[in-house]
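A look at the structure
So the chains spell out like this:
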Amino acid sequence: MEDKKNQMKKSSSLSLPSPENGSYDEEKQSCGSDSPSKTSRRKPGGWRAMPYVLGNETFERLASVGLLANFMQFLLTVFHMDQVSASNVLNIWSGVTNFIPLLGAFISDAYIGRFWTIAFASVFEMLGMLTLTFIPWLPQLHPTPCNPQVGQQCKGPNKSQLGFLVMGLGFLSIGSGGIRPCSIPFGVDQFDSTTDEGRKGIASFFNWYYTSFTVVLIIALTLVVYIQDSVSWVIGFGIPTVLMFLSLILFFIGTRVYVYVKPEESIFSSIVQVFVAMHKKRKLKLPDERESNGVFCDPPLPKGSIVKKLPLTNKYRSLNKAAMVMEGEINTDGTPTNTWRLCSIQQIEEVKCLLKIIPVWATGIICFTAMAQQGTFTVSQALKMDRHLGPKFQIPAGTLSVISMITIGIWLPIYDRLIVPSIRKITRIEGGITLLQRIGIGMIFSILSMVVAGQIEKVRRNSAIMHGSADGIAPITVLWLAPQLILMGFAEAFNIIGQIEFYNKEFPENMSSVANSLFSCTVAGASYLSSFLVNILHNTTGGHGHPDWLTKDINQGRVENYYYLIAGLGVLNLFWFIYVARRYQYKTRLEVDDGIKPYSEVHELQDMKY
């Protein structure tokens, strides 16, 4: 999350808990001062707060993932939705859930702080859990059970049942909107990044965070999904709900230990200020470089800041007008009279970083669209295949995505410890390959995964039709889906991790919230694109006595054509990505030369395209 920028906004009127346990930074920067004002900082909570922070995050993740990991099957079997409607519900909900963290980050940074954002969001998450747990528990909240194998007609949900479902998912979206953008930064807040001990603590916190996250996903996709699939939906939803309640209790127990960082102006406000100031000064003429000394507002960064000073560049040059100092725009103490008319060079260059990355960001949407099928039509495939391992155990359809996770878990250590050092000797690049190359390789794997998924679906459907069983299940093992899931695991290992690292390295340090939000928006865009494609194909394919590609009976449809369509879009997207990547100018580069040396952007243009 962003480091504390120097803003002139007054503190929020909402008081934080126990200020004596908190950390408050009162810093100012101006266009005329040479040094920032003194900073008072109290001792951080450090590892004393970690049992509560990590415990809360672990239980919350286990609860939310455990509740929704098998949700496609729940909508198909309990709510009696067809696969198009169920896919729409999941895609739309996923889109909303991944866009709303932008709002959560803004509210947290500008008004109430991370603690209260997480606290309020956790309450909404708990309400969402309870709402969804009531659905399988109370008969009036879900459609009447039926058995289509004996000829019973299954009725879908009525308006009130669907409304109750939407209300529960809405509560979960609000909860995720507050928890996702704040959980990691709140953990980082507990350490003092100005000390060696604090920086080591932050590094260890990230390791523990992602380790616990991986363990949680595996448990959710195996044990919790198995209970939902084979024991009871009520128990399978009830367990995550209880865990979320424990998460909430654990979070509040640590209130006397936490460090509370005072909310200041959000980076999103700073971005808007640049565009507003540029618009107000659009008629000004920019000076020549030789005459630019003293023309632009360029205050020093606060003492102890980990943010690197960004020099003024000519890229998107019209934005530079926002930093031109005009008469009467500076107070006697050196501060701008109106931050909506005068911005600093640092603010302008931060916005340029965002504009430069947007074309690369847009290419991730189609790649994520391929990955999104693991939770929708891959589950539909699995439900019509033999899922038995031995005479008694049956693999839950929602558990299959764990194959991708296992692939990632096995591949990453091999890649990091063996492959990267070998490639580094050849390319002399610190990461072995560039981040954009890593993202591009992930796109290739996602395309291959969709092609393989289409081929396997043809085999599955032909087997089901030839066998002709009443339940429509093909007499082939569900492990036929493993190749497409393994390829998707490689796609995630290269593309997702590459995107996260790319955003965090290419943005200034205080814009990490924007980096995380961009990644979340990629997932949201992919969800909406997937929903758009599903509805278009459902309404336009088929006809003349033939069902559409995505008809309710998957054995009568042509899901493989949907997969091929995504693969084709992926190929076009790959060409566009290569075009964008070859023209991208990295902020920094690390080259190996008996050590690691940073290279400037000039070197980047000359020797490191894509």
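Residues numbered from 1 in each chain as written. Predicted model: local features only at pLDDT ≥ 70, side-chain atom pairs only at ≥ 80, totals over all residues. Heavy atoms only, no water.

The protein appears in an unreviewed UniProt entry as Protein NRT1/ PTR FAMILY 2.13-like from Nicotiana sylvestris. Under the UniProt heading Subcellular location (unreviewed entry), the note attached to the protein is "Membrane". (UniProt positions renumbered as here; feature names shortened; annotations may be inferred.)

For the protein, the helix and strand inventory stands at 17 helices and six strands. Split into buried and exposed, the 610 residues of the protein put 52% on the buried side. Long-range pairs, those at least 24 residues apart, make up 80% of the contacts in the protein with a sequence separation of at least 6. In the form shown here, the protein has an accessible surface area of approximately 27700 Å², with 62% of it arising from carbon and sulfur atoms. (Helix = DSSP H or I, 4+ residues; strand = E, 2+ residues; numbered from the N terminus. Buried < 20%, exposed > 50% of the residue type's maximum accessible area, 1.4 Å probe, protein only. Contact = heavy atoms within 4.5 Å. Areas by Shrake-Rupley, 256 points an atom, 1.4 Å probe, with all protein chains shown as cover.)

Let us look at the nonpolar core. Residues Leu436, Phe502, Tyr503, Phe507, Val514, Leu550 and Tyr562 are the most contacted members of the largest nonpolar core, which totals 65 residues. Ranked by residue count, the leading element in this core is helix H10 (residues 345-372), at 13 residues. Mapped onto the domain boundaries, this core takes at least three residues apiece from domain 2 (266-297 + 309-343) and domain 3 (350-586). Listed in part, the 49 residues of the second largest apolar core include Leu172, Met385, Ile403 and Ala464. (Core = buried A, V, L, I, M, F, W, Y, C linked by side-chain atoms within 4.5 Å. Domains from an automatic or database assignment.)

Time to look at the pattern of salt bridges. Within this structure, the stated rule accounts for nine salt bridges. Measuring nitrogen to oxygen at the nearest pair gives 2.8 Å for the salt bridge that ties Lys309 to Asp298. Residue Lys309 is located in the loop between helix H9 (267-280) and H10, and its partner Asp298 is located in the loop between H9 and H10; the two are separated by 11 residues in the primary sequence. Using a relative accessible area of 38% as the deciding quantity, one classes Lys309 as partly exposed. (Salt bridge = Lys/Arg side-chain N within 4 Å of Asp/Glu carboxyl O.)

With respect to the helices and strands, the residue Lys281 is situated in the loop between H9 and H10. At 2.4 Å, the side chain of Lys281 and the backbone oxygen of Met324 are in polar contact. Setting aside residues no more than four positions away along its own chain, Lys281 makes contact with Lys321, Ala322, Met324, Met326, Glu329, Arg341 and Leu342. (Polar contact = N/O pair within 3.5 Å; in protein donor to acceptor, adjacent residues only side chain to side chain.)

Residues Ala474 and Ile476 point to one face of strand E4 (residues 474-477) and are all buried, whereas Pro475 and Thr477, pointing to the other face, are not buried. In terms of strand pairing, strand E1 (residues 385-386) meets E4 through two bridges, oriented parallel. Residue Asp386 lies in a different strand from E4, and its bridge partner there is Thr477. (Pairing = 2+ DSSP bridges.)

As a further point, take the environment of Val451. Relative to the assigned elements, Val451 resides in helix H13 (residues 435-467). On the basis of relative accessible area, Val451 is assigned to the partly exposed category, the value being 36%. A C-alpha to C-alpha distance of 8.9 Å links Val451 and Ile566, two positions 115 residues apart in sequence. For Val451, the residues in contact, after removing those within four places along its chain, are Tyr564 and Ala567.

This part takes up a nonpolar patch on the surface. A cluster of nonpolar side chains, contributed by Val123, Phe124, Leu127, Leu130, Phe134, Trp137, Leu138 and Ile174, occupies part of the molecular surface with about 630 Å² of accessible area. The element that contributes the greatest number of residues to the nonpolar patch is helix H4 (residues 101-137), accounting for six residues. Positionally, Leu130 belongs in helix H4. (Patch = residues over 30% accessible without salt bridge, like charges linked within 9 Å, V, L, I, M, F, W, Y side chains within 5 Å.)

According to the stated counting rule, one finds 35 aromatic pairs in the structure shown. Between Phe186 and Phe251 the ring centres are 5.9 Å apart and the planes differ by 55 degrees, which places this aromatic pair in the tilted class. Of the two residues, Phe186 sits in helix H6 (residues 183-189) while Phe251 sits in helix H8 (residues 233-253), which places them 65 residues apart along the sequence. Phe186 gets classed as buried once you look at its relative accessible area, which sits at 3%. Plain terms: the ring middles of Trp411 and Phe490 are 5.3 Å apart, the flat faces sit at 75 degrees to each other, and that makes the pair edge-to-face. (Phe/Tyr/Trp six-rings, centres within 6.5 Å; stacked < 30°, edge-to-face > 60°.)

Take unusual backbone geometry next. The phi angle at His80 is positive, at roughly 55 degrees, despite the residue not being glycine. Take His80: it is sitting in the loop between helix H2 (71-77) and helix H3 (83-99). Residue classification places His80 among the buried positions, given a relative accessible area of 10%. We note that Tyr316 has phi near 50 degrees; this positive angle belongs to a residue other than glycine. Here Tyr316 shows up in the loop between H9 and H10.

Another point: the packing of helix H1 (residues 50-68) against helix H5 (residues 159-179). Put simply, H1 and H5 touch, their axes get as near as 13 Å, and they point 145 degrees apart. Note on packing geometry: the crossing formed by H1 with H5 is left-handed. Of the residues in H5, those in contact with Glu57, Glu60, Leu67 and Leu68 of H1 are Leu169, Leu172 and Ile179. Tallied by class, the residues present in the contact of H1 with H5 amount to five nonpolar, no polar and two charged. (Axes fitted to C-alpha atoms, helices over the stretch in contact; angles between N-to-C directions. Left-handed = near helix turned anticlockwise from the far one by under 90°. Nonpolar A, V, L, I, M, F, W, Y, C, P; charged D, E, K, R; others polar.)

Note that Tyr503 resides in helix H14 (residues 482-506). The residues touching Tyr503, leaving out its near neighbours within four places in the chain, are Ile357, Trp361, Ala515, Leu518, Phe519 and Thr522.

Our next topic: helix H12 (residues 402-427). Since the α-helix advances by 3.6 residues per turn, residues separated by three or four positions end up pointing in the same direction. At Tyr415, H12 is bent by approximately 45 degrees, the largest bend along its length. Those residues of H12 that fall on the buried side of the exposure criterion are Val402, Ile403, Ser404, Met405, Thr407, Ile408, Trp411, Tyr415 and Val420. Looking one or two residues beyond H12, the residue adopting positive phi is Arg428, at roughly 60 degrees. (Bend = angle between axes of the 7 residues up to and from the residue.)

Now for the packing of H4 against H5. At their nearest, the axes of H4 and H5 sit 5 Å apart, and the two run at 150 degrees to each other. At the point where H4 passes H5, the crossing takes the left-handed sense. Here the contact of H4 with H5 is composed, by residue class, of 17 nonpolar, 10 polar and one charged.

Below, the discussion takes up the confidence of the model for the protein. Summary statistics for the protein give a mean pLDDT of 80 and a share of 84% for residues scoring 70 or more. In the model of the protein, helix H17 (residues 601-607) stands out as the element of lowest mean pLDDT, 35, in contrast to helix H16 (residues 559-582), which has the highest, 95. Note that residues 1-30 has pLDDT below 50 and, in this model, 103 contacts with residues that lie over four places away or in other chains. In the model, residues 593-610 has pLDDT below 50 throughout and makes 40 contacts with residues more than four positions away in sequence or in other chains. (pLDDT = per-residue confidence, 0-100.)

The next point concerns the side chain of Asn573. With respect to the helices, strands and loops of the structure, Asn573 is situated in helix H16. For Asn573, a relative accessible area of 8% corresponds to the buried category. Contacts of Asn573, omitting those with residues within four sequence positions, involve Thr363, Ile366, Cys367 and Met443.

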